[in-house]
Amino acid sequence: MTAEDAVVPWGQELFIPSEREQRRLHLLAEVFDPHSIALLDRIGLSSGWHCLEVGAGTGSLLPTMAARVGAAGRVVATDLDTRFMDHHHGGVVEVVRHDVQGEEPPAGRFDLIHARLVLEHLPDRQRVVERLLASLSPDGVLCVEATSWVPAAAVVGDYGRALASLMAAGHRLLGSDLSWARTFPLPLQRVGLTKVEAEGRTVVVRGGTPHAELMYLTFAQPASAGLLPDVAMAQIGALLLDPTFVDHSATMTAAWGWA
């Protein structure tokens, strides 16, 4: 596969930052939504539930959530930047700009609170879990999905080393902890939730796929801030275009428990 065959000509800055981020969020939804929806169905999301979706991104999960809860339910979607999901506002869906780390959750009690790929990037993540717990209704469920990375599990050594550099850059830049998910289900047990469960799913990345493009755009964030050398980005781009490239180093872990 050549660069011309890729969804995006990687290595070329074709997008202004907001468009690049919208593309990244779209790809993230494409890769991870099916598993998240299956998980919410497994939890029992159904008619009449009141739900809080934390860090909703483009709002890709909102139509499914709204369909599950029906006219008797409620879905509140929050994010620091709501511009990519404002079109979902209406009916049972309410879109709210909200800082989950510094502000109290939206008013009300929720039967389901769901956060995906959010809390591992917050320095005070355990306190956020405690704050969210206070917004659960009796017998409500808190579900957290977070990714963790094991650079040593990457098939290609150079890529693994670049991934380790990215993780270190993310720690410095955002206060992220990309190993936090490997402590699941303990963060939910600590706040007193019951019937706590956790499961991990290895997300296999194949070169030249939409998931590989997602990885490239994720790497591009610290690279654009000067936190990855240009040569590392060139190597990463070449690997992620290669249809023989496989990476097993990412794991999406979910934990959920009941009030």
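In what follows, the accompanying structure is described. (Residues numbered from 1 in each chain as written. Predicted model: local features only at pLDDT ≥ 70, side-chain atom pairs only at ≥ 80, totals over all residues. Heavy atoms only, no water.)

Each helix and strand counted, the protein chain has 7 helices and 7 strands in total. In the protein chain, the share of contacts with a sequence separation of at least 24, taken over all contacts with a separation of at least 6, comes to 75%. Working note: accessible area of the protein chain is about 11400 Å², and carbon and sulfur atoms make up 54% of it. (Helix = DSSP H or I, 4+ residues; strand = E, 2+ residues; numbered from the N terminus. Contact = heavy atoms within 4.5 Å. Areas by Shrake-Rupley, 256 points an atom, 1.4 Å probe, with all protein chains shown as cover.)

Turning our eyes to something else, we now look at the side chain of His 211. Mapped onto the elements of the fold, His 211 is located in helix α6 (residues 210-224). Sequence-distant contacts of His 211, that is, excluding residues within four places in its chain, are made with Val 31, Phe 32, Val 203, Val 204 and Val 205.

The next point concerns the packing of aromatic side chains. By the definition in use, this model includes 1 aromatic pair. Ring geometry for Trp 180 against Phe 184: centres 4.9 Å apart, planes inclined by 85 degrees, an arrangement best described as edge-to-face. Using a relative accessible area of 8% as the deciding quantity, one classes Trp 180 as buried. For Phe 184, a relative accessible area of 12% translates into the label buried. Above the ring of Trp 180, the side-chain terminus of Arg 125 is found at 5.9 Å from the ring centroid. Over the aromatic face of Trp 258 sits the side chain of Lys 195, whose NZ or CZ is 5.3 Å from the ring centroid. (Phe/Tyr/Trp six-rings, centres within 6.5 Å; stacked < 30°, edge-to-face > 60°. Buried < 20%, exposed > 50% of the residue type's maximum accessible area, 1.4 Å probe, protein only. Lys NZ or Arg CZ within 6 Å of the ring centre and 35° of its normal.)

What follows deals with the nonpolar core. Among the nonpolar cores identified, the biggest contains 29 residues, and Phe 32, Trp 149, Tyr 159, Met 215, Phe 219 and Leu 240 are the most heavily contacted of them. Those elements that provide at least two residues to this core are α1 (17-43), α4 (157-174), β6 (194-206), α6, α7 (230-241) and β7 (246-258). Examining the composition of this core, we find that 7 residues originate from one element, α6, more than from any other. Ignoring sequence-local partners within four residues, the contact set of Trp 149 consists of Leu 163, Met 167, Leu 178, Arg 182, Met 215, Asp 247, Ser 249 and Ala 250. (Core = buried A, V, L, I, M, F, W, Y, C linked by side-chain atoms within 4.5 Å.)

In this section: the sheet that holds β6. With mixed pairing, the 7 strands of this open sheet are ordered in space as β3-β2-β1-β4-β5-β7-β6. Edge positions in the open sheet fall to β3 (93-97) and β6, since each of these has one partner strand only. Ignoring strand direction, the axes of neighbouring strands in this sheet form an average angle of 15 degrees. The pairing of β6 with β7 spans 10 bridges and is classified as antiparallel. When the sheet's bridge partners are listed, Thr 194 is paired in β7 with Trp 258. Contacts from helix α2 (residues 62-69) reach β1 (50-54), β2 (74-79), β3 and β4 (110-116), with the element oriented near 160 degrees to β2. (Pairing = 2+ DSSP bridges. Axes fitted to C-alpha atoms, helices over the stretch in contact; angles between N-to-C directions.)

With that settled, consider α2. Considered for burial, the residues of α2 that qualify are Leu 62, Met 65, Ala 66 and Val 69. For α2, the buried positions fall inside an angular range of 100 degrees around the axis, keeping them on one side. Backbone geometry just downstream of α2 places Gly 70 in the positive-phi region, at approximately 70 degrees. (Arc of directions from axis to C-beta.)

Now for the environment of Cys 51. Considering the arrangement of structural elements, one finds Cys 51 in strand β1. A relative accessible area of 0% means that Cys 51 is categorised as buried. Put simply, Cys 51 and Val 69 are 18 residues apart on the chain and 8.5 Å apart in space, counted from C-alpha to C-alpha.

So, about the pattern of salt bridges. Scanning the entire structure with this criterion turns up 10 salt bridges. The salt bridge involving Arg 68 is made with Asp 41; its shortest N-O contact spans 2.7 Å. Here the residue Arg 68 occupies a position in helix α2, and Asp 41 occupies one in helix α1, the gap between them amounting to 27 residues. The shortest N-O distance in the salt bridge between Arg 83 and Asp 81 comes to 2.5 Å. On the accessibility criterion, Asp 81 (30% relative accessible area) is partly exposed. Three or more residues joined by partner-sharing salt bridges are found here, namely Arg 42, Glu 197 and Glu 199. (Salt bridge = Lys/Arg side-chain N within 4 Å of Asp/Glu carboxyl O.)

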